[in-house]
Amino acid sequence: MMDRFNTPQTDAVEVDVLGHNLLIKQDPNSKHLGTTVWDSSLVFVKFLERNSKKGEFSRAKLAGKRVIELGAGCGLAGLGMALLGCDVVVTDQIEVLPLLLRNVERNLSRAKYTASDCSYMGSIGKVDVAELDWGNETHITATGPPFDYIIGTDVVYKEQYLEPLINTILALAGPKTTVMLGYEFRSSGVRELLGQLCQKHFSVKRVLHSKMDPKYQHPDIDLFIMRVRDKSMKDEEHSEGVAQQREDVNASGGVDEENAGEEDLCQLETPNNCVQGEKVTTDSDTEDNAFTFRRMGSAAARLLSDVEPPTVVRNQGFFPSH
């Protein structure tokens, strides 16, 4: 139990993001999994922080963009986008909204007050809270799609939820929408189906772990960046495009600045490999820099009891086995 930061007695997670101290209230003892702050959301916001000064996820590029978060839960990932100047709609099921709204109101007001005294922090976007059940056309239309960015962290853990999730993303997306998903590997079946559905509709890349915050990362947690494929594109044309992209990368020794830090999902052979020039991460390599601040509490235990165990169990002593 000493390895766990998020225990049944923990009612809040405190994290510094972009100069702001966020205090995210949670309820690990509730019956709804959305009331827990999951590790991939922490990895996501610290990735945003690390890449906030230049590149695709810089404040200059994100300011004013419209963002929607699916399965927002406690709202951490959406708040991270708002701190970069995005206008965000955080969504979840009706049972989660009271806690989500409380976190948004408290942290957004504190962040705006802090930013008013520190001009270097930049402007903060607005955050709206809305109910959205995946596949509900009324809920989807009410949010006002399309969005520039669609984000979600640890939103899938059972195979039956994947198709409604992908269909909802497609309904919310436009031709230039960027989708960002944070995912923790727990089930080989879920990951395989997720990969199949995503590659059917999106071009998919994985963020290299070297581009993440060195503390807030773990080999079982990945961030994926996806963009809607042209629906008229045939599978053969897509395969040729992927092959050509690999040749271009090999020829140039890197990728263009717009896609820096990303990796084709189709290149992955195992859930935890980091390829395309980055050293493969091993258990011993990650013992010093994998985060130890929190692991799964009672809600996570309920989740894990419902899913297929991973084919490879990683346990470095400080990290509870699944």
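Predicted model, so just to flag it, every value in this text is computed and none were measured. All chains use their own residue numbering, which begins from 1 and follows the written sequence. At least 70 in pLDDT is required for a residue's local features to be given in this predicted model, at least 80 for side-chain atom pairs to be given and counted, and no such filter applies to totals for whole chains, interfaces and linings, which use all residues. Here the side-chain values reflect all heavy atoms present in the structure, with hydrogen atoms and water set aside.

Time to look at the pairing of strand E3 (residues 66–69). The pairing criterion is simple: DSSP has to find at least two bridges between the two strands. Each helix is a run of DSSP H or I of at least 4 residues and each strand a run of E of at least 2, with the numbering of both proceeding from the N terminus. Pairing of E3 with strand E4 (residues 87–92) involves 4 bridges; the strand directions are parallel. Bridge pairing links Val 67 to Val 88 in E4. Call a crossover right-handed when, viewed with both strands pointing away from you, the route from the first strand across the helix to the second goes clockwise. Since E3 and E4 lie parallel, the crossover through helix H3 (residues 76–83) that links them has a hand, and here it is right-handed. Note: E3 against strand E6 (residues 147–153), 3 bridges, orientation parallel. Bridge assignment links Val 67 to a residue of E6, and that residue is Tyr 149.

In this scheme, a residue with accessible area under 20% of its type's maximum is buried, one over 50% is exposed, and one in between is partly exposed, where area comes from a 1.4 Å probe on protein chains only. Burial runs high along H3: 8 of the 8 residues are buried. Note on H3: the residue one or two positions beyond its end, Gly 85, has a positive phi of about 95 degrees.

We now examine the pairing of strand E9 (residues 221–228). The buried fraction of E9 amounts to 6 of the 8 residues, a majority that puts the element mostly inside the structure. Both strand E7 (residues 173–184) and E9 contribute to a ladder of 7 bridges, which runs antiparallel. Across the sheet, Thr 178 pairs through a bridge with Arg 227, a residue of E9. Here strand E8 (residues 202–206) pairs with E9 via 5 bridges, running antiparallel. Within E9, the position partnered with Val 204 by the bridge is Met 226.

Here the chain shows a mean pLDDT of 74. Residues at 70 or above account for 66%. For every residue, the predictor assigns a confidence score, pLDDT, that lies between 0 and 100. Within the chain, E3 carries the highest mean pLDDT (98), whereas helix H9 (residues 283–286) carries the lowest (38).

This part takes up the nonpolar core. Side-chain atoms within 4.5 Å link the members of a nonpolar core, which is a set of buried Ala, Val, Leu, Ile, Met, Phe, Trp, Tyr and Cys residues. Grouped together as the largest cluster of nonpolar side chains are 45 residues, with contacts concentrated most on Leu 22, Phe 44, Leu 76, Met 81, Val 88 and Met 180. Of all the elements in the fold, those that place two or more residues in this core are strand E1 (12–17), strand E2 (20–25), helix H1 (39–50), H3, E4, helix H4 (97–117), E6 and E9. When checking whether two residues touch, look at their non-hydrogen atoms; a contact exists if any pair is within 4.5 Å. Among all residues touching Val 88, those that are not within four sequence positions of it are Val 67, Gly 78, Met 81, Ala 82, Lys 126, Val 127 and Asp 128. One finds Val 156, Ile 169, Leu 172 and Ala 173 within the second-largest nonpolar core, a separate group that totals 27 residues.

Quick look at the pattern of salt bridges now. Between side chains of opposite charge, a pair can form as their charged atoms come close. The salt bridge definition used is simple: a Lys or Arg side-chain nitrogen within 4 Å of an Asp or Glu carboxyl oxygen. The final tally for this structure, using the stated rule, is 6 salt bridges. The partner of Glu 49 in a salt bridge is Lys 46, and the shortest N-O contact between them spans 2.7 Å. Highlighted residues: Glu 49 and Lys 46, both in helix H1, separated by 3 residues, approximately one helical turn. Looking at Glu 49, the relative accessible area reads 22%, which means it is partly exposed. Exposure remark for Lys 46: the relative accessible area of 8% places this residue in the buried category. Close ionic contact of Arg 227 with Glu 56 constitutes a salt bridge, the shortest N to O distance being 2.1 Å. Residue Arg 227 is found in strand E9, and its partner Glu 56 is found in the loop between H1 and helix H2 (59–62); the two are separated by 171 residues along the sequence. Its relative accessible area of 23% is what places Arg 227 among the partly exposed residues.

So, on to the sheet that holds strand E5 (residues 127–131). Across the sheet, which stays open at both edges, the 7 strands sit in the order E5-E4-E3-E6-E7-E9-E8 with mixed pairing between neighbours. The sheet is open, and its two borders are formed by E5 and E8, each paired with just one other strand. The sheet shows a mean angle of 20 degrees between the axes of neighbouring strands, taken without regard to direction. Bridging between E4 and E5 involves 5 bridges; their strand directions are parallel. Across the sheet, residue Val 89 finds its bridge partner in E5, namely Asp 128. Inter-axis angles, ranging from 0 to 180 degrees, are taken between N-to-C directions of lines fitted to C-alpha atoms, where helices are fitted over the stretch in contact. Contacts from helix H6 (residues 162–172) reach E3, E6, E7 and E8, with the element oriented near 145 degrees to E7.

Let us look at unusual backbone geometry. Residues apart from glycine generally show negative phi values, whereas peptide bonds are mostly found in trans. Put simply, Pro 145 and Pro 146 share a cis peptide bond, and its omega is 5 degrees. Note that Pro 146 resides in the loop between helix H5 (137–142) and E6. Positive phi, close to 55 degrees, is recorded for Leu 18, a residue that is not glycine. With respect to the element layout, Leu 18 can be found in the loop between E1 and E2. The class of Leu 18 is buried, set by a relative accessible area of 15%. Phi is positive for Asp 154, which is not a glycine, with a value near 50 degrees. Tracing the sequence through the fold places Asp 154 in the loop between E6 and H6.

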